[in-house]
Amino acid sequence: ALEPISVGLAIGVASALTGYLSHPSFYCSYVECCPSAGHRLNATALKAQLDAKLFGQHLAKDVVLKAVTGFSNNPSPKKPLTLSLHGWAGTGKNFLSQILAEQVHRAGLRSKFVHLFLATLHFPHHDQLKLYKEQLQNWIRGNVSACPHSVFIFDEMDKMHPGLIDAIKPFLDYYEQIDGVSYRKAIFIFLSNAGGDLINKAALDFWASGKLREEIQLKDLEPMLSVGVFNNKNSGLWHSSLIDRNLIDYFIPFLPLEHKHVKMCVRAEMTARGYAVDEKIVQAVADEMTFFPKEQKIYSDKGCKTVQAKLDIYEDA
């Protein structure tokens, strides 16, 4: 028979061990946990990532850094942070959303608290709009209930059926709670090619007037951008109540990339692959890209989107 003191000691050790293993600091080092209520985003790390990986987008970097840092530092935001990123393909919209997701949740797009929706994949059929709205509302409600700091990314907004995104309007509004759930700590990001033509024209006008690209300010583009996508039937935000009720905090323009920015992308890709940067190859890849306008050839018409594929040709070199 076990001595009473031995049994007591065993129970005490087991209880202590169970308490240690279940402590959040230990448990969350092995299993992904939702950030605590006092979680603050590391603004220095976010800035470093944006500086190192996002090229030619001074506006997007500045606005996102300030908006996300301010939102994270606010212990009681009045509504979720909602960002709408606009510009042609290859200018860095997806890249920025991935960087931001990684700063909020370490696993980034692999995190169970980060949710990526692709219009053509998740909402392909127009005749099922009602079902999509219900599914979208249930998904957001369930996941924010599980983690208030959830991140929702909607890609291909320009391919989304008109009216669908309005289903999430209650979650973006200035409500303290909806059915006992607060959405105020969540982040919503929309990615769209819509408005790209407007942004490109504005950038070209600045160039033609002899102004530096870095002189373009948010106030030069945001009003035009919000009106443009509101009236664009192919924007996903056509006549949307999200714009009508001013629930999108920032419309962020992504400028067309110049030759020097494409070369930055090539260098970054070579470094990521573990290669020494060879300027001859950098130049060769950049020279294979196509630029517009036809006469001046200032901006890459695909941004940096095809850099990886074009660099593959030089793999042996």
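None of the values given here were measured: they were computed from a predicted structure.

## Topic: the overall build of the chain
Working step 1: Across its full length, the chain holds 14 helices and 7 strands.
Working step 2: For the C-alpha atoms alone, the extent of the chain along its principal axes is close to 95 × 50 × 35 Å.
Working step 3: Looking at the chain as a whole, 44% of its 317 residues are labelled buried.
Working step 4: For the chain, long-range pairs separated by at least 24 residues make up 75% of all intrachain contacts whose partners lie at least 6 apart in sequence.
Working step 5: In the form shown here, the chain has an accessible surface area of approximately 16,500 Å², with 56% of it arising from carbon and sulfur atoms.

## Points about the pattern of salt bridges
It is possible for side chains of opposite charge to pair when their charged atoms get near one another.
Working step 1: Per the stated rule, a full pass over the model turns up 12 salt bridges.
Working step 2: Two residues, lysine 201 and aspartate 205, come together in a salt bridge whose shortest N-O distance is 3.1 Å. Taken together, the residues span about one helical turn, with lysine 201 and aspartate 205 both in helix 9 (residues 196-208) at a distance of 4 residues.
Working step 3: Classification of aspartate 205 as partly exposed rests on a relative accessible area of 40%.
Working step 4: For aspartate 312, the salt bridge goes to arginine 273, with nearest N and O atoms at 2.8 Å. Residue aspartate 312 is found in helix 14 (residues 307-312), and its partner arginine 273 is found in the loop between helix 12 (259-272) and helix 13 (279-288); the two are separated by 39 residues along the sequence.
Working step 5: Arginine 273 gets classed as partly exposed once you look at its relative accessible area, which sits at 25%.
Working step 6: Three or more residues are tied together by salt bridges with common partners; here these are Lys47, Asp51 and Lys61.

## Describing the sheet that holds strand 4 (residues 187-192)
Working step 1: As summarised here, the arrangement of the 5 strands in space is 2-3-4-1-5, forming an open sheet in which the pairing is parallel. With one partner strand each, in any of the chains shown, strand 2 (114-118) and strand 5 (250-253) form the two edges of the open sheet. Between one strand and the next, the sheet's axes are offset by a mean angle of 15 degrees, whatever the strand orientation.
Working step 2: Two elements, strand 1 (residues 81-86) and strand 5, share 4 bridges in a ladder whose sense is parallel. What sits directly across from serine 84, in strand 5, is phenylalanine 251.
Working step 3: Running at roughly 150 degrees to strand 3 (residues 151-155), helix 7 (residues 129-146) makes contact with strand 2, strand 3 and strand 4 of the sheet.

## What to know about the UniProt feature "binding site: ATP" (unreviewed entry) in the chain
Working step 1: Per the UniProt record, the feature "binding site: ATP" (unreviewed entry) sits at Gly87, Trp88, Ala89, Gly90, Thr91, Gly92, Lys93 and Asn94. The annotated residues that sit in the lining of the largest pocket are Ala89, Gly90, Thr91, Gly92, Lys93 and Asn94.
Working step 2: Of note, glycine 87 is situated in the loop between strand 1 and helix 5 (93-104).
Working step 3: Its relative accessible area of 0% is what places glycine 87 among the buried residues.

## Digging into empty space enclosed by the protein
Working step 1: Applying the stated criterion to the full structure yields 1 cavity of 30 Å³ or more.
Working step 2: There is about 170 Å³ of room inside the largest cavity.
Working step 3: Lining of the largest cavity is provided by 16 residues; of these, His39, Phe71, Ser72, His149 and Lys185 occupy positions nearest its centre.

Rules of the game
- Residues numbered from 1 in each chain as written.
- Predicted model: local features only at pLDDT ≥ 70, side-chain atom pairs only at ≥ 80, totals over all residues.
- Heavy atoms only, no water.
- Helix = DSSP H or I, 4+ residues; strand = E, 2+ residues; numbered from the N terminus.
- Buried < 20%, exposed > 50% of the residue type's maximum accessible area, 1.4 Å probe, protein only.
- Contact = heavy atoms within 4.5 Å.
- Areas by Shrake-Rupley, 256 points an atom, 1.4 Å probe, with all protein chains shown as cover.
- Salt bridge = Lys/Arg side-chain N within 4 Å of Asp/Glu carboxyl O.
- Pairing = 2+ DSSP bridges.
- Axes fitted to C-alpha atoms, helices over the stretch in contact; angles between N-to-C directions.
- UniProt positions renumbered as here; feature names shortened; annotations may be inferred.
- 1 Å grid on protein atoms, 1.4 Å probe; cavity = no way out; pocket = protein on both sides within 12 Å on 5 of 7 lines; lining within 4 Å.
- Points joined across faces, edges and corners; volume = space filled by probe spheres on them.

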